[in-house]
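Next come the chains, spelled out residue by residue.
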Amino acid sequence: MGTVEKDPVTGRHTTGHEWDGIRELNTPLPRWWVVVFWACVLWAIGYWVLMPTWPLRDDFTHGLLGYSSRGVLEQELALQRAERAAWRDRLVSLPIEAVEADPELLTYARAGGRIAFEENCAPCHGVGGVGAPGYPTLADDEWLWGGTLPEIEQTIKFGVRNSNPDSHQSEMPKFGADGILTPDQIEQVADYVLTLANRSPNPALPGAAIFAENCAVCHGEQGEGTPAVGAPPLNNQIWLYASKLTNQTPEVRAAEIRALVVRQVTRPSHGSMPAWSERLDPGTIRMLAVYVHTLGGGR
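As recorded by an unreviewed UniProt entry, the protein chain carries the name Cbb3-type cytochrome c oxidase subunit and is attributed to Phaeospirillum tilakii. Its UniProt record gives the protein chain the following Sequence similarities (unreviewed entry) comment, quoted word for word: "Belongs to the CcoP / FixP family."

In C-alpha cells:
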C-alpha cells in the first residue's frame, strides 16, 4: 500500500495503491459516460412506473400507461380480420367456379390456399401436391374422387373413409384374403392389369375374363376408373402405393409394380383423409380447393 501522490508523467493523483512498484492512477470516468449512465437509470425508473414490468404473485404491475403487447396484437388481428372480411365474404358467396373466373379473387384464393395447404396438407401430399406412396399426387389429371372444382371442394370438406357421414366411403374387396380368387387367378389378373397400364390390353390372356367378371364393375372395362366410387384408373402408369424412385431399372420397376398389383388384389390397402370442414372454416376450404385445382391438374 502506497501513499496518495501525483504521478510525474500524467500529473494525476494516484489512489495510493501500489503493486510491485506500479501505482494505480485515480482517473475519473469521462463526463459523457456518467451522463449516459444516469440517463439510463432515470429511463429505467420511468419504464418501471409507466410500463408493465414487475411480476407479482397472481398478476403483474400494469404501469400507468396500461400498455399490453397482447392487446396490441389482438387489435392488429382484429383489424386484419376486418380487412379480409370483404374478400372472405365474396369468396364464399360466389359459386366456386366463379372464383377462378375473377382474376383478383383467384389471386387471393391461391395465395391463401397455398399457405393453408402447406400447413395442413403438405405433410401427406407433399409440397406442391407431388404426392407420396399412399398419398395421391394432386398436380396431375388423375383423380380418385373427381377433379372438378366442386368435387375437390367436396373431398376436402368431408374427406375419405372417416367418421364423417358425408365422407367418401368405398373399399376394394379382399379377393385373395377372402378367397374370392385363387392365387393363380390373382397372378393372371395382375398380368392383364399390366397390359392395361401399358396401353396394350390383351383380351386373350386368362386374366382378361377374370378382370371383366370381378374388376370391371368398378375400374371400367378398359381400366379407365370410376371416380364416383373412388376406383382409380388402371390404364396408366400412376400407382398410388408404388415407390417414387426414378433410378430403378425397367426390369426392377416392372417387378415392383407386378408385386404391388398382386398385393393390392390379395389384401388391398385403403387410405383415409380427415374431414377438413371439422377443422377449417368454409373460406379456407374454398381457397384450398382453388389452390389444388390450379396446381397443374384438375378438370
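We are not done yet, so read on.
1. Focus on the overall build of the protein chain
A tally of regular secondary structure across the protein chain gives 11 helices and two strands. Listing the helices and strands of the protein chain from first to last along the sequence gives β-β-α-α-α-α-α-α-α-α-α-α-α. Against the globule reference of 19 Å for 299 residues, the protein chain gives a C-alpha radius of gyration of 36 Å, more extended than a compact globule. Over its C-alpha atoms, taken along the principal directions, the protein chain stretches across nearly 115 × 55 × 40 Å. Scored against the burial criterion, the 299 residues of the protein chain give a buried share of 32%. Restricting the contact set of the protein chain to residue pairs at least 6 apart, pairs at least 24 apart contribute 53%. Surface exposure of the protein chain reaches about 18,700 Å², of which carbon and sulfur atoms provide 59%. Of the side-chain charges in the protein chain, 24 are positive and 35 negative, and the distance between the mean point of each set is 5 Å.

2. Re the pairing of strand E1 (residues 14-19)
Summarising the sheet, E1 and strand E2 (residues 22-25) pair through three bridges and their orientation is antiparallel. From the neighbouring strand, Glu18 faces E2, where its bridge partner is Arg23. Between E1 and the antiparallel strand that follows it, E2, lie two residues; Asp20 among them carries a positive phi value of about 55°.

3. Digging into the packing of helix H6 (residues 149-158) against helix H11 (residues 282-293)
The geometry of H6 relative to H11 is characterised by a closest axis approach of 9 Å and an angle of 130° between their N-to-C directions. Taken together, the axis directions place H6 and H11 in an arrangement best described as oblique. As H6 runs across H11, the sense of the crossing is right-handed. On the side of H6, the interface is formed by Leu149, Ile152, Glu153, Ile156 and Lys157, while H11 contributes Ile285, Arg286, Leu288, Ala289, Val290, Val292 and His293.

4. Comments concerning the environment of Val229
With respect to the helices and strands, Val229 occurs in the loop between helix H9 (216-219) and helix H10 (250-266). A relative accessible area of 35% means that Val229 is categorised as partly exposed. Ignoring sequence-local partners within four residues, the contact set of Val229 consists of Trp145 and Ser170.

5. Overview of the nonpolar core
By size, the foremost hydrophobic cluster in this structure holds 27 residues, and its most contacted members are Leu91, Phe117, Ile156, Leu288 and Val292. At the level of elements, helix H3 (96-101), helix H4 (103-120), H6 and H11 are the ones that each hand at least two residues to this core. Those residues in contact with Leu91 that lie beyond four places of it in its chain are Val99, Leu105, Tyr108, Ala109, Gly283, Arg286 and Met287. Counting 23 residues, the second largest nonpolar core, distinct from the first, contains Ile186, Tyr192, Ala197 and Leu234.

6. Points about the pattern of salt bridges
With the rule as written, the count across this model stands at nine salt bridges. A salt bridge links Asp102 to Arg90; the nearest nitrogen and oxygen atoms lie 2.2 Å apart. Of this pair, Asp102 sits in the loop between H3 and H4 while Arg90 sits in helix H2 (residues 69-93); the two residues are 12 residues apart in sequence, bridging distant segments of the chain. One salt bridge in this structure joins Arg253 and Glu256, with 3.0 Å as the shortest N-O distance. Residue Arg253 and its partner Glu256 are located together in helix H10, separated by three residues, close to a single helical turn. Under the relative-accessibility criterion, Arg253 is labelled partly exposed at 25%. On the accessibility criterion, Glu256 (24% relative accessible area) is partly exposed.

7. Notes on the environment of Trp239
Relative to the elements of secondary structure, Trp239 occurs in the loop between H9 and H10. The spacing of Trp239 and Pro136 is 103 residues in sequence and 8.9 Å in space, taken between C-alpha atoms. Not counting the four nearest positions on each side in its chain, Trp239 is found in contact with Val193, Ala197, Ile257, Leu260 and Val261.

8. Structural notes on the UniProt feature "transmembrane region" (unreviewed entry) in the protein chain
Taken from the UniProt record, the annotation "transmembrane region" (unreviewed entry) applies to residues 32-50. Secondary structure content for residues 32-50 is 100% helix and 0% strand, while the C-alpha to C-alpha distance between its ends is 27 Å.

Parameters and conventions
Residues numbered from 1 in each chain as written. Predicted model: local features only at pLDDT ≥ 70, side-chain atom pairs only at ≥ 80, totals over all residues. Heavy atoms only, no water. UniProt positions renumbered as here; feature names shortened; annotations may be inferred. Helix = DSSP H or I, 4+ residues; strand = E, 2+ residues; numbered from the N terminus. Rg over C-alpha atoms; globule rule 2.2 N^0.38 Å. Buried < 20%, exposed > 50% of the residue type's maximum accessible area, 1.4 Å probe, protein only. Contact = heavy atoms within 4.5 Å. Areas by Shrake-Rupley, 256 points an atom, 1.4 Å probe, with all protein chains shown as cover. Lys, Arg positive; Asp, Glu negative; His and termini not counted. Charge placed at Lys NZ, Arg CZ, Asp CG, Glu CD. Pairing = 2+ DSSP bridges. Axes fitted to C-alpha atoms, helices over the stretch in contact; angles between N-to-C directions. Parallel < 35°, antiparallel > 145°, perpendicular 65-115°, else oblique. Left-handed = near helix turned anticlockwise from the far one by under 90°. Core = buried A, V, L, I, M, F, W, Y, C linked by side-chain atoms within 4.5 Å. Salt bridge = Lys/Arg side-chain N within 4 Å of Asp/Glu carboxyl O.

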